[in-house]
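Fold and geometry: a report
For reference, the chains in residue letters:
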Amino acid sequence: MLALNANIGPGKILYYKRVHGRRVAYHPKGLGIPATCPRGGFLFTGQFGFQDGSRASARSVVPCPSAGGGSA
């Protein structure tokens, strides 16, 4: 049997926002995206644990889009 579980972003993260002047805690249901592309691109890392106890990791950088912003 093969199974895969994936989590994206920090687990159990708690944010605060102002609602009618009061500070309210909430758990976001998605990921925030920066208004501008980080210098060097978007860094993604993965850590993998296997049933036999071994582990592996991977890293990738997605370049920032061109200034033209066009897509196919």
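Above this text you will find the structure in question.
Remember, it's a predicted structure, so these values are computed and weren't measured experimentally.

Details of the overall build of the chain
In terms of regular secondary structure, the chain is built from zero helices and four strands. For the chain, the succession of helices and strands along the chain, N to C, is β-β-β-β. Counting every position in the chain, which comprises 72 residues, the buried fraction comes to 3%. Long-range pairs, those at least 24 residues apart, make up 6% of the contacts in the chain with a sequence separation of at least 6. Accessible surface computed for the chain: about 7300 Å², of which carbon and sulfur atoms make up 55%.

Things to note about the packing of aromatic side chains
Per the stated rule, a full pass over the model turns up one aromatic pair. Directly above the ring of Tyr-26 sits Lys-17, whose terminal nitrogen or CZ lies 4.7 Å from the centroid. Across from the ring centre of Tyr-16, 3.8 Å away, lies the NZ or CZ of Arg-23, which sits over that ring.

Some remarks on the environment of Ser-60
Tracing the chain through its elements places Ser-60 in strand β4 (residues 55-62). Overall, Ser-60 belongs to the partly exposed group, its relative accessible area being 42%. The spatial distance from the C-alpha of Ser-60 to the C-alpha of Gly-46 is 8.8 Å, given a sequence separation of 14 residues. Contacts of Ser-60, omitting those with residues within four sequence positions, involve Phe-42, Leu-43 and Phe-44.

With respect to the state of the cysteines
Under the criterion given, the structure shown has one disulfide. Two residues, Cys-37 and Cys-64, share a disulfide whose sulfurs are 1.8 Å apart. Judged by the sign of its S-S torsion, about -85°, the bond between Cys-37 and Cys-64 is left-handed. One end of the pair, Cys-37, is in the loop between β2 (22-26) and β3 (42-49); the other, Cys-64, is in the segment after β4, with 27 residues separating them in the sequence. A relative accessible area of 27% places Cys-37 in the partly exposed class. Given a relative accessible area of 33%, Cys-64 falls into the partly exposed group.

Cut-offs applied
For every chain, the first residue of the written sequence is number 1, and numbering continues from 1 along that sequence. Note on the predicted model: pLDDT of at least 70 is required for a residue's local features to be given, and 80 or more for side-chain atom pairs to be given and counted; whole-chain, interface and lining totals, by contrast, use all residues. Note: side-chain values were computed over all heavy atoms of the structure, leaving out hydrogens and water. Secondary structure elements are taken from DSSP: a helix is a run of H or I of four residues or more, a strand is a run of E of two residues or more, and numbering for both begins at the N terminus. Residue burial is assigned from relative accessible area. The probe radius is 1.4 Å, only protein chains are included, and a residue is buried under 20% of its type maximum, exposed over 50%, and partly exposed in between. Whether two residues touch is decided by their heavy atoms; if any such pair falls within 4.5 Å, the residues are in contact. For the accessible areas, the method is Shrake-Rupley and the probe is 1.4 Å, while residue cover comes only from the protein chains on display. Within 6.5 Å between ring centres, the rings of Phe, Tyr and Trp (the latter by its six-membered ring) count as paired, and their orientation is classed by plane angle as stacked under 30 degrees, edge-to-face over 60, tilted in between. Only Lys NZ and Arg CZ are tested; either one counts as a charge over a ring when it is within 6 Å of the ring centre and within 35 degrees of the ring normal. By convention in this document, the label disulfide applies to cysteine sulfur atom pairs within 2.5 Å.

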